[in-house]
Amino acid sequence: MNDPHEPIPELPNGAANRRNVSRRNFLASGGAATIGMGLSGEPHPALAVGQLPKKVRVGIAGGNFGATFQFHEHPDCIVEAVTDLVPERRTRLMKTYGCQKSYKSLEEMVLDDKIDAVAIFTDGPLHTKHVELAMRHGKHALSAVPAAWATLDDCEFLRGTVEKHGLTYMLCETGYYQPEVMAAREFHKQGLFGEIFYCESEYQHPRLDRLYSAEEKRTWRYGIAPMHYPTHNTAKLISVTGERLTSVSCQGWGDDSPVLEDNDYNNPYWNEAALFRTDRGHAFRLCVWWLGAFRFAQRAEWIGSKMSLFMQQANGEEPVIVRTPQKEETNSKRRPQEHGTTEPFEPPVYWNTDLLPEPLRHKSGHWGSHCFLTHEFIDAIASDRKPSIDLYEALAYTAPGIVAHDSALRKGELMKIPSFSP
């Protein structure tokens, strides 16, 4: 979870022992998927990393989650300045990035003419405001999730801001670069799934309420509606198939906790579960849960007509691929039946490939995604190209959750989801 207070999870169980592979070795080993030519999914020429005439100068805002990235290691980036309202967190940022320049606020930092781009890891409800502040002062912007906060008006505000200024915007969604999700995108490009007619994704974060207070004060997370944090889930379908979510029915569950009776969001739910319809007529089930008897999970499964991929299960079962039946067998009553084949699946260790510059080929937070997100943002600016999770992709991830929560408040009423596509 993109959380400035909690520990950042590393690779999933067992992943530390998975082999490191290069693109060439993966193909030579008979892997089912080829690694994409470009991080955005679009082929582009090999980049002259470290040889560009000008490095991207970045300012980092937010000293908790913002201190877990690798901007200081990227050969085309310089961390020009950092900021946080809390002095101790500013010090942490300076130490992490080897940066001697700091500001007491983002409002001060955006006035620095040497800064080209700002990485915004501030409180969720402030993201669109801070993106607008950065772009108004001519800075490209990377934003932590969610892209917009709680209302469709906030989505529209973000779209208007980015379109008005014409600068690079990218959402820092870690789920996009989970290794199984990267593999699923490649399987889909090659048609190995057949048609993905169903997908489901779960974000289970038990006892999120431990993040509801700090120094005896409520944090912005206090009473957060589960579906207002949907992007870890929605990215797992939308980034793979390109579908858009068009309607939703959602149900919520809460209890008599004081948190649910008194919060800034008037949110009565700990957990929410939604069923979406896509623009291709497919079903997508999405769950976001904060409280209950379950394990932490950030997973998905893609069910296809020829092949399906299941990420690691919440009960601990490892990832598998299931293929359609190849032969007919009989059961104990001699009735013909067909069985699909099941095989273990270990995604490549993508961070140890030439998808990343050499200095960034190492483990990082959220299953290796932080190095990818660092590189994608810097490379998109340096190469003057669209980033993988641009404005419209970000809103496609975010807006469905806002509508889903409204549906839950209306006892599961089926509601349409507006499109923010260009």
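Computed from a predicted model, the values in this text were never measured in an experiment.

Trainee: So what's going on with the overall build of the protein? Which residues, and what values?
Mentor: In terms of regular secondary structure, the protein is built from 10 helices and 19 strands. For the protein, with 422 residues in total, the buried portion stands at 56%. A separation threshold of at least 6 residues defines the contact pool for the protein, and within that pool the share at least 24 residues apart is 68%. Carbon and sulfur atoms form 49% of the exposed surface of the protein, whose accessible area is close to 18,100 Å².

Trainee: Got a sec to walk through helix 4 (residues 127-136)? Specific residues and values, please.
Mentor: Of all 10 residues making up helix 4, eight are buried, and the element is well covered by its neighbours. Along helix 4, the positions that sit buried rather than exposed are His-127, Thr-128, His-130, Val-131, Glu-132, Leu-133, Ala-134 and Met-135. In the core, the buried residues of helix 4 are packed alongside helix 3 (106-109), strand 4 (117-120), strand 5 (140-143), helix 5 (152-165) and strand 6 (169-171).

Trainee: Quick rundown of the sheet that holds strand 3 (residues 102-103)? Include the residues and the values.
Mentor: In space, the six strands of this open sheet follow the order 3-2-1-4-5-6, with parallel pairing throughout. Among the strands making up the open sheet, the edge pair consists of strand 3 and strand 6. Here three bridges tie strand 5 to strand 6, and the two strands are oriented parallel to one another. The partner of Ser-143 across the bridge, within strand 6, is Leu-171.

Trainee: How would you sum up the packing of helix 7 (residues 231-241) against helix 10 (residues 391-409)? Please name residues and give values.
Mentor: It is at 8 Å that the axes of helix 7 and helix 10 come closest, and there the two elements cross at 125 degrees. Taken together, helix 7 and helix 10 sit at an angle that is classed as oblique. Of the two elements, helix 7 crosses helix 10, and the hand of that crossing is right-handed. Taking contact as the criterion, the partners of Thr-231, Thr-234, Ala-235, Ile-238 and Ser-239 in helix 7 are, on helix 10, Glu-393, Ala-396, Tyr-397 and Thr-398. Taken together, the residues of the contact of helix 7 with helix 10 break down into four nonpolar, four polar and one charged.

Trainee: Lay out the sheet that holds strand 19 (residues 415-416) in plain terms, naming residues and giving numbers.
Mentor: What the nine strands build is an open sheet, ordered 18-15-14-13-7-12-11-10-19; its pairing is mixed. The open sheet is flanked by strand 18 (341-344) and strand 19, the only strands paired with a single partner. Where strand 15 (residues 320-323) lies against strand 18, four bridges are found, and the strand directions are antiparallel. Residue pairing across strands places Val-322 opposite Thr-342, the latter belonging to strand 18. Packed onto the sheet, helix 7 meets strand 7 (196-204), strand 10 (245-253), strand 11 (271-278), strand 12 (283-289) and strand 13 (297-304) and runs at close to 155 degrees relative to strand 7.

Trainee: Explain the pairing of strand 15 to me, using residue names and the numbers behind them.
Mentor: Both strand 14 (residues 307-310) and strand 15 contribute to a ladder of four bridges, which runs antiparallel. Across the sheet, residue Met-307 finds its bridge partner in strand 15, namely Arg-323.

Trainee: Would you mind going over the pairing of strand 1 (residues 56-61) in detail, with residue names and values included?
Mentor: Regular strands show a simple pattern: their side chains alternate between the two faces of the sheet. A large share of strand 1 lies buried, amounting to five of its six residues. Pairing analysis gives six bridges linking strand 1 to strand 2 (residues 77-83), with the strands arranged parallel. In the strand pairing of strand 2, Arg-57 is matched with Ile-78. Across four bridges, the pairing between strand 1 and strand 4 is parallel. Bridge assignment links Gly-59 to a residue of strand 4, and that residue is Val-118.

Trainee: Report on the layout of surface pockets, specifying residues and quantitative values.
Mentor: Gaps between atoms show up when a probe of the same size as a water molecule is rolled over them. Considering only enclosed or pocket space, the largest pocket measures out at about 700 Å³ in volume. Along the wall of the largest pocket there are 27 residues; nearest its centre are Asp-84, Leu-85, Val-86, Arg-89 and Asp-123. Only helix 2 (87-97), helix 3 and strand 9 (217-218) provide two or more residues apiece to the lining of the largest pocket. Looking at the lining of the largest pocket, its residues break down into nine nonpolar, nine polar and nine charged.

Trainee: Which residues make up the confidence of the model for the protein, and what are the values?
Mentor: Detailed reading of the predicted coordinates is not advisable wherever pLDDT is low. The share of residues in the protein with pLDDT of 70 or more is 85%, and the mean pLDDT across the chain is 88. Note that residues 1-47 has pLDDT below 50 and, in this model, 121 contacts with residues that lie over four places away or in other chains.

Trainee: Tell me about the packing of aromatic side chains, and please be specific about residues and values.
Mentor: Going through the model one piece at a time under the given rule, you end up with 17 aromatic pairs. Ring centres 6.3 Å apart and planes at 55 degrees place the aromatic pair Phe-71 and Tyr-97 in the tilted group. Of this pair, Phe-71 sits in the loop between strand 1 and strand 2 while Tyr-97 sits in helix 2, placing them 26 residues apart in sequence. Given a relative accessible area of 0%, Phe-71 falls into the buried group. On the basis of relative accessibility, which here comes to 5%, the residue Tyr-97 falls in the buried class. Of the aromatic side chains, those joined through ring pairs into one cluster are Phe-65, Phe-69, Phe-71, Tyr-97 and Phe-121.

Rules of the game
- Residues numbered from 1 in each chain as written.
- Predicted model: local features only at pLDDT ≥ 70, side-chain atom pairs only at ≥ 80, totals over all residues.
- Heavy atoms only, no water.
- Helix = DSSP H or I, 4+ residues; strand = E, 2+ residues; numbered from the N terminus.
- Buried < 20%, exposed > 50% of the residue type's maximum accessible area, 1.4 Å probe, protein only.
- Contact = heavy atoms within 4.5 Å.
- Areas by Shrake-Rupley, 256 points an atom, 1.4 Å probe, with all protein chains shown as cover.
- Pairing = 2+ DSSP bridges.
- Axes fitted to C-alpha atoms, helices over the stretch in contact; angles between N-to-C directions.
- Parallel < 35°, antiparallel > 145°, perpendicular 65-115°, else oblique.
- Left-handed = near helix turned anticlockwise from the far one by under 90°.
- Nonpolar A, V, L, I, M, F, W, Y, C, P; charged D, E, K, R; others polar.
- 1 Å grid on protein atoms, 1.4 Å probe; cavity = no way out; pocket = protein on both sides within 12 Å on 5 of 7 lines; lining within 4 Å.
- Points joined across faces, edges and corners; volume = space filled by probe spheres on them.
- pLDDT = per-residue confidence, 0-100.
- Phe/Tyr/Trp six-rings, centres within 6.5 Å; stacked < 30°, edge-to-face > 60°.

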